[in-house]
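Each chain, letter by letter, is given below.
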Amino acid sequence: MATEITVIPGDGIGPEVTSATLQVLEAAGAELEYDRQLGGVSALEAVGSPLPDATLDSVRRTRIALKGPLTTPSGSGFRSVNVALRKEFDLYANVRPARTLFDGGRYEDIDLVLIRENTEGLYVGVEHFIGVGDDPRAAAESVMIVTRHGTERIVRYAFEFAKAHGRKKVTVAHKANILKYTQGLILEVAREVAADYPDIEFEDRIIDATAMWMVLDPYRFDVLVMENMFGDILSDLMAGLVGGLGFAPAANIGLEAAMFEAVHGSAPDIAGQGVANPTSLLLSACMLLDHVDQRETGDRIRAAIRSVLQGGVVATRDMGGTDGTAAYTEAVIRALG
Ligand code: NAD
C-alpha cells in the first residue's frame, strides 16, 4: 500500500526542484501518495499565513513531509517557518550527509554526516532589543538555550547513527572554551554519552578549528554532532566540499514525524529560470524512501543520479555546465532504465 506524505513545494526554486523530484519518484515506482500543501511566502501570498493550519494538519496526519525551501525575510518580517515546523513536530535531529557524487567537487571520496541539534541553541528565537536613553534599539540580545535532555538525545542519536551505519568515529564540535555554561554542558553530556559507546571513537573539537580542519583535511572526520547554529553553518561548508548546495540533502527526524528537505534555500537569484539543480531534494527524497522502508527504490535513484553525474551526460549550471533542471531530470529518469 502506498504511503501518504505531505509535499510542500515552497518558494523560489522550490516548485521547480519539487516537480523534478516527483517526476523521478514516479518513474522509479516509489509507492507514495502526495498531499500537496503550502508554506512560506507563497502560502502568505495565497492564504495570508506562511504556515497555514491545513499544512500543519496534513503533517500531523501523514507524519512525513517532503519540503522545498521556504523564504525567510532577513531582519524583519515573519519568523522562519522551517524553525517553526522543526519545533512544532520536535524534529530534533537534522541529518546532513555530504558525499562525493562526481569529480567536479574539490575533494574525492568525501563521505561525512553532520548531525545538527535542531530545536535548541540560539535558534529558539528568544531575542529582544534593549533601549538605552532615547534609542530603543541601542543593543540586542539573543538567548542560547541548551538542555541536558536535548543534548543527550542528539549526541545519542549521533552514536546510534554511527553504530547503525558502521561508522567509526563521532566528533562533537563546540565552543566550550568561551561559552562555558551552554557549550560546556554540551561537552560534559557528550563525554558521558560517549562512554556508553566504547567501540566508536570519540573526539571533541572547538568549532572554529573544526571548520579549518574540514577544509584542510576532511578525511579525518566521519560523523559530526553539534548545536543548531554551528551545524547550520558547517553543513553548508561541507556541501561546498562535494560540489555545492545543489548536492546537499537533509532529514529532520523526530520521534513522531520526519521532514525531508534540501540544505539549500529558495535561491531567489536563479528562481523561475529552470536552471536549479534538483539533486539535493532528490537525495532528500531518497532519505525519505529509506525512512518508509522503500530503500531499494531510493538506492536505484541514487545509482541513476551517480551514473548521470559521473558519466558527464548532463551538467547543470552550478556544475559548470549548461543543462537546465528539465534536461537533468530527464537524464536521471532515463538512467533509471
Ligand atoms: P540559498 O541556499 O537559497 O542560495 C545560496 C546560493 O546557492 C545561491 O547562489 C543559489 O543560487 C545557490 N543554490 C542554492 N540551491 C541551489 C540549487 N539547487 N541549484 C543551483 N544553485 C543553488 O541561500 P540564500 O540565498 O542565503 O537564502 C535564500 C532564502 O532561502 C532566504 O530567505 C533563506 O532564509 C531561505 N533558506 C531556506 C532554507 C530552507 O527552507 N530549509 C534553508 C536556507 C535558506
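Residues numbered from 1 in each chain as written. Predicted model: local features only at pLDDT ≥ 70, side-chain atom pairs only at ≥ 80, totals over all residues. Heavy atoms only, no water.

Under an unreviewed UniProt entry, the name given to the protein is Isocitrate/isopropylmalate family dehydrogenase, and the organism recorded is Gaopeijia maritima. In its Sequence similarities (unreviewed entry) section, the UniProt record describing the protein reads: "Belongs to the isocitrate and isopropylmalate dehydrogenases family." (UniProt positions renumbered as here; feature names shortened; annotations may be inferred.)

Q: When you look at helix 3 (residues 53-62) in this model, what are you seeing that I'm missing?
A: One turn of the α-helix equals 3.6 residues, which is why residues spaced by three or four share an orientation. Residues Thr-55, Leu-56, Ser-58, Val-59 and Thr-62 constitute the buried set of helix 3. Looking straight down helix 3, one finds that the buried residues subtend no more than 160 degrees of arc, so they occupy a single side. Considering only its buried residues, helix 3 is in contact with strand 1 (3-8), strand 2 (32-36), strand 3 (64-67) and helix 4 (81-88). In the segment just after helix 3, Arg-63 is the residue with positive phi, at about 70 degrees. (Buried < 20%, exposed > 50% of the residue type's maximum accessible area, 1.4 Å probe, protein only. Helix = DSSP H or I, 4+ residues; strand = E, 2+ residues; numbered from the N terminus. Arc of directions from axis to C-beta. Contact = heavy atoms within 4.5 Å.)

Q: Please clarify how the sheet that holds strand 9 (residues 201-206) should be interpreted in this entry.
A: Working definition: the strands of a sheet are paired by backbone hydrogen bonds and lie parallel or antiparallel to each other. Judged by pairing direction, the sheet is mixed, and its 10 strands sit side by side in the order 2-1-3-12-11-4-5-10-8-9 without closing on themselves. The outermost strands of the open sheet, each flanked by one partner alone, are strand 2 and strand 9. Averaged over neighbouring strand pairs, the angle between their axes works out to 25 degrees when direction is ignored. Pairing of strand 8 (residues 169-174) with strand 9, which is carried by 6 bridges, proceeds in the parallel orientation. Each residue of the ladder has a partner; that of Val-172, found in strand 9, is Asp-204. This element, helix 8 (residues 228-241), spans strand 4 (93-99), strand 5 (111-117), strand 8 and strand 10 (223-226) of the sheet and lies at about 160 degrees to strand 5. Running at roughly 160 degrees to strand 12 (residues 258-262), helix 9 (residues 279-291) makes contact with strand 1, strand 2, strand 3, strand 4, strand 11 (249-253) and strand 12 of the sheet. (Pairing = 2+ DSSP bridges. Axes fitted to C-alpha atoms, helices over the stretch in contact; angles between N-to-C directions.)

Q: Looking at this structure, how should I read helix 10 (residues 295-310)?
A: The terminal C-alpha atoms of helix 10 lie 22 Å apart, and with 16 residues this matches the ideal 22 Å at 1.5 Å per residue to within 8%. Three or more residues of helix 10 are buried, namely Thr-297, Gly-298, Ile-301, Arg-302, Ala-304, Ile-305, Val-308 and Leu-309. Along helix 10, the residues classed as buried sweep out an arc of 160 degrees about the axis, all on the same side. Exposed residues lying more than 90 degrees from the buried face of helix 10 are Glu-296 and Gln-310. On its buried face, helix 10 sits against helix 1 (14-27), helix 9 and helix 11 (325-336). Downstream of helix 10 by a residue or two, Gly-312 has a phi angle that is positive, lying close to 65 degrees. (Expected span 1.5 Å × (residues − 1).)

Q: What am I meant to see in the nonpolar core here?
A: Soluble, globular proteins show a tendency: their nonpolar side chains are buried together. Within the largest apolar cluster, 84 residues are counted, with the highest numbers of intra-cluster contacts made by Leu-25, Leu-66, Val-95, Ile-115, Met-238, Phe-260 and Ile-301. A total of 8 residues in this core trace back to one element, the largest contributor, which is helix 9. Aside from chain neighbours lying at most four places away, what touches Ile-115 is Asn-94, Val-95, Ile-154, Tyr-157, Ala-158, Phe-161, Val-223, Leu-224, Val-225 and Met-226. Core analysis: the second largest hydrophobic core is formed by 12 residues, Val-59, Leu-70, Val-81 and Ala-257 among them. (Core = buried A, V, L, I, M, F, W, Y, C linked by side-chain atoms within 4.5 Å.)

Q: Can you help me understand the side chain of Glu-16 in this one?
A: Here Glu-16 lies in helix 1. Here Glu-16 is buried and forms no salt bridge, its nearest opposite-charge partner Arg-317 lying at an N-O distance of 9.7 Å. Contact partners of Glu-16, with chain neighbours within four places excluded, come to Ala-271, Gly-272, Gln-273, Gly-274, Val-275 and Thr-325. (Lys, Arg positive; Asp, Glu negative; His and termini not counted. Salt bridge = Lys/Arg side-chain N within 4 Å of Asp/Glu carboxyl O.)

Q: Looking at this structure, how should I read the site of the ligand?
A: The immediate surroundings of the ligand are formed by 20 residues, with Leu-70, Gly-265, Ala-267, Asp-269 and Asn-277 found nearest. Ala-267 is positioned such that a nitrogen or oxygen atom in its backbone is 2.7 Å from an oxygen atom of the ligand. Contacts to the ligand include Asp-269, whose side-chain N or O atom sits 2.8 Å from an oxygen atom. In the complex, 69% of the free accessible area of the ligand, which totals 820 Å², lies under the protein chains. Grouping the constituent residues of the shell around the ligand by class yields 9 nonpolar, 7 polar and 4 charged. (Near = heavy atom within 4 Å. Polar contact = N/O pair within 3.5 Å; in protein donor to acceptor, adjacent residues only side chain to side chain. Areas by Shrake-Rupley, 256 points an atom, 1.4 Å probe, with all protein chains shown as cover. Nonpolar A, V, L, I, M, F, W, Y, C, P; charged D, E, K, R; others polar.)

Q: Can you walk me through the side chain of Ser-280 in this structure?
A: Along the chain, Ser-280 turns up in helix 9. A relative accessible area of 0% means that Ser-280 is categorised as buried. Within the local environment of Ser-280, its side chain forms a polar contact with the backbone nitrogen of Ala-248, the two atoms lying 3.0 Å apart. Excluding anything up to four places from it in sequence, Ser-280 contacts Leu-245, Gly-246, Phe-247, Ala-248, Pro-249, Ala-262 and His-264.

Q: Sorry, what's going on with the packing of aromatic side chains here?
A: Where two aromatic rings form a pair, the distance of their centres and the angle of their planes describe that pair. Using the criterion set out here, one finds 5 aromatic pairs in the structure. Both rings, one in Tyr-92 and one in Tyr-157, keep their centres 6.1 Å apart while their planes meet at 90 degrees; by these two values the pair is edge-to-face. Here Tyr-92, found in the loop between helix 4 and strand 4, pairs with Tyr-157, found in helix 5 (residues 148-164); they are 65 residues apart in sequence, far enough to count as distant. For the pair formed by Tyr-92 and Tyr-157, the shared burial category is buried. Plain terms: the ring middles of Phe-102 and Phe-247 are 4.8 Å apart, the flat faces sit at 35 degrees to each other, and that makes the pair tilted. Separated by 145 residues along the polypeptide, Phe-102 in the loop between strand 4 and strand 5 and Phe-247 in the loop between helix 8 and strand 11 bring together distant segments of the chain. Grouped by ring-pair contacts, the aromatic residues Phe-159, Tyr-197 and Phe-202 constitute a single cluster. The ring of Trp-213 is capped by Arg-220, whose NZ or CZ atom sits 3.6 Å from the centre of that ring. (Phe/Tyr/Trp six-rings, centres within 6.5 Å; stacked < 30°, edge-to-face > 60°. Lys NZ or Arg CZ within 6 Å of the ring centre and 35° of its normal.)

Q: Just to check I follow, could you spell out empty space enclosed by the protein for this structure?
A: Here the idea is plain: a probe the size of a water molecule rolls over the atoms and shows the empty space left. Taken as a whole, this structure holds 2 cavities of 30 Å³ or more when the rule is applied. By volume, the largest cavity is sized at about 90 Å³. As for the largest cavity, its lining consists of 14 residues, and the residues nearest its centre are Glu-117, Thr-151, Ile-154, Ile-186 and Glu-227. Going through the elements one at a time, helix 5 and strand 10 are the ones with two or more residues in the lining of the largest cavity. (1 Å grid on protein atoms, 1.4 Å probe; cavity = no way out; pocket = protein on both sides within 12 Å on 5 of 7 lines; lining within 4 Å. Points joined across faces, edges and corners; volume = space filled by probe spheres on them.)

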